[in-house]
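Structural features, examined
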Amino acid sequence: METKSSTYLSQFPLGLLCFIIITMVSSSSSSIWYDEHISLKAINAEENFVFPKNFLFGTASSAYQYEGAYLTDGKNLSNWDVFTSIPGKIADGSQGKVAVDHYHRYPEDLDLMEDLGVNSYRLSLSWARILPKGRFGDVNMGGIDHYNRMINAILKRGMDPFVTLTHYDIPQELVVRYGSWLDPQIREDFEHYAEICFRHFGDRVKFWTTFNEPNVQVILGYRTGTYPPSRCSKTFGNCTHGDSDIEPVVAAHNIIRSHLAAVSLYRTKFQERQRGKIGIVMNTIWFEPVSDSLADRLATERAQAFFMTWFLDPVVFGRYPREMQEILGEDLPEFTKDDLKSFSNKLDFIGINQYTSRYAKDCLHSACEPGKGGSRAEGYVNANALKDGLRLGEPTGVNWFSTYPQGMEEMLMYATERYKDIPLYVTENGFGENNTGVLLNDYRRVKFMSNYLDAVKRAMRKGADVRGYFAWSLLDNFEWISGYTIRFGMYHVDFKTQERTPRLSVFWYKNFIFHHRAQSKCD
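Residues numbered from 1 in each chain as written. Predicted model: local features only at pLDDT ≥ 70, side-chain atom pairs only at ≥ 80, totals over all residues. Heavy atoms only, no water.

One recurring pattern in soluble globular proteins is that nonpolar side chains are buried together. Counting 149 residues, the largest nonpolar core has Ile130, Trp181, Phe201, Trp208 and Tyr509 as the members making the most contacts within it. For this core, the element with the highest residue contribution is helix α12 (residues 247-274), accounting for 11 residues. Excluding residues within four positions of it along the chain, Phe201 makes contact with Leu125, Ile130, Ile144, Tyr147, Asn148, Ile151 and Trp208. (Core = buried A, V, L, I, M, F, W, Y, C linked by side-chain atoms within 4.5 Å. Buried < 20%, exposed > 50% of the residue type's maximum accessible area, 1.4 Å probe, protein only. Helix = DSSP H or I, 4+ residues; strand = E, 2+ residues; numbered from the N terminus. Contact = heavy atoms within 4.5 Å.)

For the rest of this paragraph, the subject is the pattern of salt bridges. As enumerated under the stated definition, the model contains 32 salt bridges in all. A salt bridge links Asp115 to Lys510; its shortest N-O distance comes to 3.3 Å. With Asp115 in helix α6 (residues 102-116) and Lys510 in helix α19 (residues 504-522), the pair connects residues that are 395 residues apart, well separated along the chain. Of the two residues, Asp115 and Lys510, neither departs from the other in class, the shared state being buried. Glu323 is paired through a salt bridge with Arg322; the nearest N and O atoms lie 3.3 Å apart. The class of Glu323 is buried, set by a relative accessible area of 11%. One salt-bridge network, in which partners are shared between bridges, spans Glu108, Asp109 and Arg500. (Salt bridge = Lys/Arg side-chain N within 4 Å of Asp/Glu carboxyl O.)

On to the UniProt feature "active site" (unreviewed entry) in the chain, then. Here the UniProt-annotated "active site" (unreviewed entry) positions come out as Glu428. For Glu428, the location among the structural elements is in strand β10 (residues 424-429). A distance of 3.1 Å separates polar atoms of two side chains, one belonging to Glu428 and the other to Arg122. (UniProt positions renumbered as here; feature names shortened; annotations may be inferred. Polar contact = N/O pair within 3.5 Å; in protein donor to acceptor, adjacent residues only side chain to side chain.)

Given below as structure tokens:
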């Protein structure tokens, strides 16, 4: 199916697209950035950087944020279906019942991706669509058939499906039955779900990730209570149940054990025959000390330990980070003998979701406000500190998000140095703006993508084994507790009509991919 937007794109020669981009981005409000960008391009040309031929350029999405069709073809309720129905939980009172209707419109959206020139599409599966009642019910063949059609359509367009098993959403049935991630039996459910996915889709899916951003999931779900299941202590949020000191650690432990079970299953039963790879995706934040003091420099390490390495160290090294062990002691759950055997399976790659960077301030030797790092559960570090009243990087208008391209380079090098020979994929990176109109001339997104991709190149020159980059996102979509108030899409979406309209960033990313693909072929 050829869409209005893809026809519009295909009619423009790349040279003309470049002219349009230069003309639009060189407006008075962005001329300084454009001059800086031209100088960066000159530096890159001098160094003759070439992406590897098998480098993946793609876009990323998630089931709940994109699909809609919330009870279609046998799907049951997920935790996010229930959570978004509670008044006051979502900024604009919206839900993901329709989202961008990707469930029905994926052929059109895949056409847009094909025209963009990407060679991979990162998506997640809806657990509640495949197993509406978890292991307590039957497999929903309506969901299996849908994803089979979609995977075939992705491959038909020359793209590799890069599939995440769960991106925050789980069947509500498991929440009701035993409290989901707080109960060890969730491991059985996740392993059962993973096996069904590997069996039905693994002959064509060559890139699997078990979880997307489990660190965000447990911190917002069990410490601050702003994500489902909305559990927290009073000093951290307004919840009716929960323990912000203990429950995040328990939920994280059960997620890590579930990941280990799925990887072990894939290694022993599927990988040799299906010849795919499996990893995990983490949200990453680059932390810089708020001052040059030794205390603040040590606080940056604790910030990583209580955020990213909290999950990665166990699956790579078989133990929690030293900083967590020293602070939490016996409150850290122990791994079983079976878990310890599974650690040898490790990871085929690590997914890095990188958006922002922050200052870290010590709270171990100096006072911090309650709920802002002053607690033992957070490692006695304020991981969102201000320096001279300002956050690290350039503000964006989105409260959690400032731009700091150097943070991308630093984060990739940190992961490279800590986890050595494990390849990396930038599985999410993108720019969000408040919903203040159509904003087709999204030169700030172009600036963001250009600068962050330059940072990826710098890290690769220094030895980081980065094998792919996925932009978040192709389309405006449902942005979790922000609802539809923040737009991350290269395509504007009219949520009433579902019409997709290309922004400037579409042309820029298409030209960027074409240029680097052509350069790679010439090499």
